[in-house]
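# Descriptive structure summary
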Amino acid sequence: MSLKAREEFSLFDEKDVDKAFENITPLQYFQPKALQGENGSIVVTAHSAGHTIGGTIWTISNETETVLYAMDFNHMKESHLSRSSLMEGNKGMVNPKLLRPTLLITDSFNALYKLPTRKKRVECFLNSVTAGVKRGGNVLVPVDSAARVLEIAYILNDWWHSNRSLRDTHSLFFLSRCGRKTKSFAQSLIGWMASNIGEQLLEKDSKPFDLRHVVIVQSIEELERRLGTGSRHRNRRRKAVVMATTEGMSLGFSQELFVRAEVSVTLKRLVPLEGKELDKWMVQDRQRKEQEAAREAIMKRKRDMIDSDDMNSDEGSDSENQRGIDIAATVREMEVEAISEIDLETERLLSGQTFDLYIKGRGLVRGLHFLKSYCMFPFQEKIRKVDEYGEVYDPDEYI
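All figures in this text were calculated on a predicted structure; none of them were measured in a lab.

Criteria and cut-off values
- Residues numbered from 1 in each chain as written.
- Predicted model: local features only at pLDDT ≥ 70, side-chain atom pairs only at ≥ 80, totals over all residues.
- Heavy atoms only, no water.
- Helix = DSSP H or I, 4+ residues; strand = E, 2+ residues; numbered from the N terminus.
- Areas by Shrake-Rupley, 256 points an atom, 1.4 Å probe, with all protein chains shown as cover.
- 1 Å grid on protein atoms, 1.4 Å probe; cavity = no way out; pocket = protein on both sides within 12 Å on 5 of 7 lines; lining within 4 Å.
- Points joined across faces, edges and corners; volume = space filled by probe spheres on them.
- Nonpolar A, V, L, I, M, F, W, Y, C, P; charged D, E, K, R; others polar.
- Buried < 20%, exposed > 50% of the residue type's maximum accessible area, 1.4 Å probe, protein only.
- Pairing = 2+ DSSP bridges.
- Contact = heavy atoms within 4.5 Å.
- Phe/Tyr/Trp six-rings, centres within 6.5 Å; stacked < 30°, edge-to-face > 60°.
- Expected span 1.5 Å × (residues − 1).
- Core = buried A, V, L, I, M, F, W, Y, C linked by side-chain atoms within 4.5 Å.
- Polar contact = N/O pair within 3.5 Å; in protein donor to acceptor, adjacent residues only side chain to side chain.

## Observations regarding the overall build of the chain
- Of the regular secondary structure elements, the chain holds 11 helices and 17 strands.
- Surface exposure of the chain reaches about 28600 Å², of which carbon and sulfur atoms provide 53%.

## Considerations on empty space enclosed by the protein
- What the rule picks out here adds up to 1 cavity of 30 Å³ or more.
- Of the volumes computed, that of the largest cavity is approximately 90 Å³.
- Val149, Leu150, Ala153, Phe174, Gly179, Thr182, Lys183, Phe209, Leu211, Val214 and Ile216 are the residues that line the largest cavity.
- For the lining of the largest cavity, the secondary structure elements donating two or more residues are α4 (149-162), α6 (179-187) and β10 (214-217).
- Its residues assigned to classes, the lining of the largest cavity comprises 8 nonpolar, 2 polar and 1 charged.

## Some thoughts on the layout of surface pockets
- In this structure, the second largest pocket encloses a volume near 1100 Å³.
- Taken together, 29 residues make up the lining of the second largest pocket; nearest its centre are His51, Asn74, Asn110, Leu115 and Arg121.
- Among the secondary structure elements, those contributing two or more residues to the lining of the second largest pocket are α3 (118-134), β8 (139-143) and α4.
- Looking at which element gives the most residues to the lining of the second largest pocket, the answer is α3, with 4 residues.
- For the lining of the second largest pocket, the class distribution of residues is 14 nonpolar, 7 polar and 8 charged.

## Looking at the pairing of strand β9 (residues 170-175)
- With 6 of 6 residues buried, β9 lies mostly within the body of the structure.
- On β9, burial covers both faces: His170, Leu172 and Phe174 on one face and Ser171, Phe173 and Leu175 on the other are all buried.
- Sheet analysis places β9 next to strand β11 (residues 239-245), joined by 6 bridges and oriented parallel. Considered in β11, the bridge of Leu172 is made with Val241.
- Of the pairings in the sheet, the one linking β9 to β10 comprises 4 bridges and is parallel in character. Residue pairing for β10: Phe174 is matched across the bridge by Ile216.

## A closer look at the environment of Arg121
- Tracing the backbone through its elements, the reader meets Arg121 in helix α3.
- Each residue touching Arg121, except ones within four places of it in the same chain, is listed here: Leu115 and Pro116.

## Observations concerning the packing of aromatic side chains
- Enumeration according to the criterion identifies 1 aromatic pair in this entry.
- Note on Tyr29 and Trp192: the rings are 4.8 Å apart at their centroids and 70° apart in plane angle, and the pair reads as edge-to-face. Here Tyr29 is found in the loop between α2 (14-21) and β1 (32-34), whereas its partner Trp192 is found in the loop between α6 and α7 (195-199), with 163 residues between them in sequence.
- Overall, the relative accessible area of 24% leaves Trp192 in the partly exposed class.

## Observations concerning α4
- With 14 residues, α4 should reach 20 Å at 1.5 Å per residue; the first-to-last C-alpha distance of 20 Å fits that figure.
- For α4, the full list of buried residues reads Val149, Leu150, Glu151, Ala153, Tyr154, Ile155, Leu156, Asn157 and Trp160.

## Focus: the nonpolar core
- Ranked by internal contacts, the top residues of the largest apolar core, which has 27 residues, are Trp160, Phe209, Val241 and Met243.
- Put simply, the parts of the chain that give this core at least two residues each are α3, β8, α4, β9, β10 and β11.
- Among the elements that make up this core, the one with the highest residue count is α4 (7 residues).
- Look past the residues within four positions of Val241 in its chain and what remains in contact with it is Val129, Val133, Val139, Val141, Trp160, His170, Ser171, Leu172 and Phe173.
- Ranked by size, the runner-up nonpolar core spans 11 residues in total, among them Val217, Ala244, Phe253 and Leu257.

## Here's the deal with the side chain of Thr59
- Note that Thr59 resides in strand β3 (residues 56-61).
- Classification of Thr59 by relative accessible area gives buried; the value is 11%.
- Side-chain polar atoms of Thr59 contact the side chain of His47, separated by 3.3 Å.
- Beyond its immediate chain neighbours, meaning those up to four positions away, Thr59 contacts Val43, Val44, Thr45, His47, Thr66, Val67, Leu68 and Leu98.

Next comes the structure, spelled out in structure tokens:
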């Protein structure tokens, strides 16, 4: 809908989306489902991912093998969701039913990112919103339309409920064309949420996932009307904290509200390169790929050199093992320095000015005479690896 509001879009509409949902087979968590037809021996089972309502990690199994497909999951409990089924109990142990699959398919999107604790993240978010409210301004919170917005809305609703000063000056809105439908679906899926949400049913005058402080509006015009009529003082316009779609602000209400704000913004649009600009980019891209290929070849040569030295250091009697290790370490240090020098000569090699690489030797090392090497063709003899079972093969060479 957001894309259709900005430009001509006729590929599909809301009715097509509803029709597509009719073809989905609903499953419960931990419910095994055998495929139909000739693939009847394959069974798929859904497990909670703990990231969104209905978010799922899958086990796909037959009589002998099991594949665990876990691409997006959350192992920590949230305000409206329980943790992923991958974890069991409060000791951080993996669920025994999901241990040791034949194949694990997962992602590493946040593998190198040290995520703060959930308490600190929520505290930082609420402090940022409160700071904007205290300055007397409006606060824009870009969100998605139906997934993570439920967690953000739940947190803000509780924060508004416990802070009357916020309610007196600012209203809390959810601006989305399908906002009311999102809330309705969420209230019908209480069984998929955390246990504390279901406990609200036992409280008096309380509905599950009510979000009584969140006002849902479906257009900017409706938002403007509510802001103009909700103030106690007729001459003063009421402020607001608005959760607006989409989360990336590339289109939708969030982008439109941001542009309307008194902020100096320059909107840029991607256009395809043409003519000389396209030719220049293609030349630069080709050079970049050639450099990456050359560096990868050099790094492979470096690994082969180290592997060869490790093989040579394993040969000999037990009495010479320590001396062999010291020599191998010295040789490895020399090779690392040599590789760095090779990197400097890569440009000359790629340009066609030379077909040799200049490698500078170090001379005498621990009583061993290493001859100085000068211009040489970039070649490394690969030594076959042998273990107690015979020659070692690399399976990748036969794929």
